[in-house]
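# Structural characterization, general
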Amino acid sequence: MSNVSRRTFLSLAALVAAPSALLVSRSAAAADLPHLDPADPTAKSLGYVPDATKIDVKAAPTFKAGSHCASCQLFGGKAGDAFGPCGIFTGKAVSSNGWCSAYAKKAA
Ligand code: SF4
């Protein structure tokens, strides 16, 4: 292998490897996030609950039956993830079955 073709090969190999390494580190980072505590002051102020099926509808008048974090635009987890990052609660993972008053339904 000449120096030019070896250099070209190594450059292409780095280009191919970079996105998959980035995906692995992103999913590992999401899995490592601590779960949001409902007692967290911001969580409390937005009425976050980890299980939307047990929500007190009197305390959360904007709640609509069936809404939960997995169907929210701000949920950063993948389909089937039990927990995932949220655009509101930076550095924390919210339950895919959770809900808060910042809920915004994902576009279909
Ligand atoms: Fe869940 Fe959406 Fe509230 Fe985040 S903003 S906690 S994803 S309902």
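Report on the accompanying structure. Since the structure is predicted, the reported quantities are computational estimates derived from the model, not experimental observations.

Scoring rules and cut-offs
- Residues numbered from 1 in each chain as written.
- Predicted model: local features only at pLDDT ≥ 70, side-chain atom pairs only at ≥ 80, totals over all residues.
- Heavy atoms only, no water.
- Near = heavy atom within 4 Å.
- 1 Å grid on protein atoms, 1.4 Å probe; cavity = no way out; pocket = protein on both sides within 12 Å on 5 of 7 lines; lining within 4 Å.
- Sits in = over half its atoms within 2 Å of the grid points.
- Nonpolar A, V, L, I, M, F, W, Y, C, P; charged D, E, K, R; others polar.
- Points joined across faces, edges and corners; volume = space filled by probe spheres on them.
- Salt bridge = Lys/Arg side-chain N within 4 Å of Asp/Glu carboxyl O.
- Buried < 20%, exposed > 50% of the residue type's maximum accessible area, 1.4 Å probe, protein only.
- Helix = DSSP H or I, 4+ residues; strand = E, 2+ residues; numbered from the N terminus.
- Contact = heavy atoms within 4.5 Å.

Next up on the list: the site of the ligand. Around the ligand, the surrounding shell consists of Tyr48, Cys69, Cys72, Leu74, Phe75, Cys86, Ile88, Phe89, Val94, Cys100, Ala102 and Tyr103. Judged by the proximity of its atoms to the pocket grid, the ligand belongs to the largest cavity. Class assignment of the residues belonging to the shell around the ligand gives a composition of twelve nonpolar, no polar and no charged.

Further remarks concern empty space enclosed by the protein. Evaluation of the coordinates by the stated rule reveals one cavity of 30 Å³ or more. In this structure, the largest cavity encloses a volume near 100 Å³. Taken together, 14 residues line the largest cavity, and the ones lying closest to its centre are Cys69, Cys72, Leu74, Cys86 and Cys100. Partitioned by chemical class, the residues of the lining of the largest cavity number 13 nonpolar, one polar and no charged.

Inspection of every chain in the model, using the stated rule, returns two salt bridges. As a salt-bridge pair, aspartate 51 and lysine 54 come within 3.7 Å of each other at their nearest N and O atoms. With relative accessibility at 25%, the residue aspartate 51 sits in the partly exposed group.

Attention now moves to the environment of leucine 33. Inspection of the secondary structure puts leucine 33 in the loop between helix 1 (3–32) and helix 2 (41–45). With relative accessibility at 21%, the residue leucine 33 sits in the partly exposed group. Leucine 33 sits 59 residues away from lysine 92 along the chain, and the two C-alpha atoms are 5.3 Å apart. Every residue in contact with leucine 33, bar those within four places of it in the chain, is listed here: Pro85, Gly91, Lys92 and Ala93.

None of this, on its own, says anything about what the molecule does.
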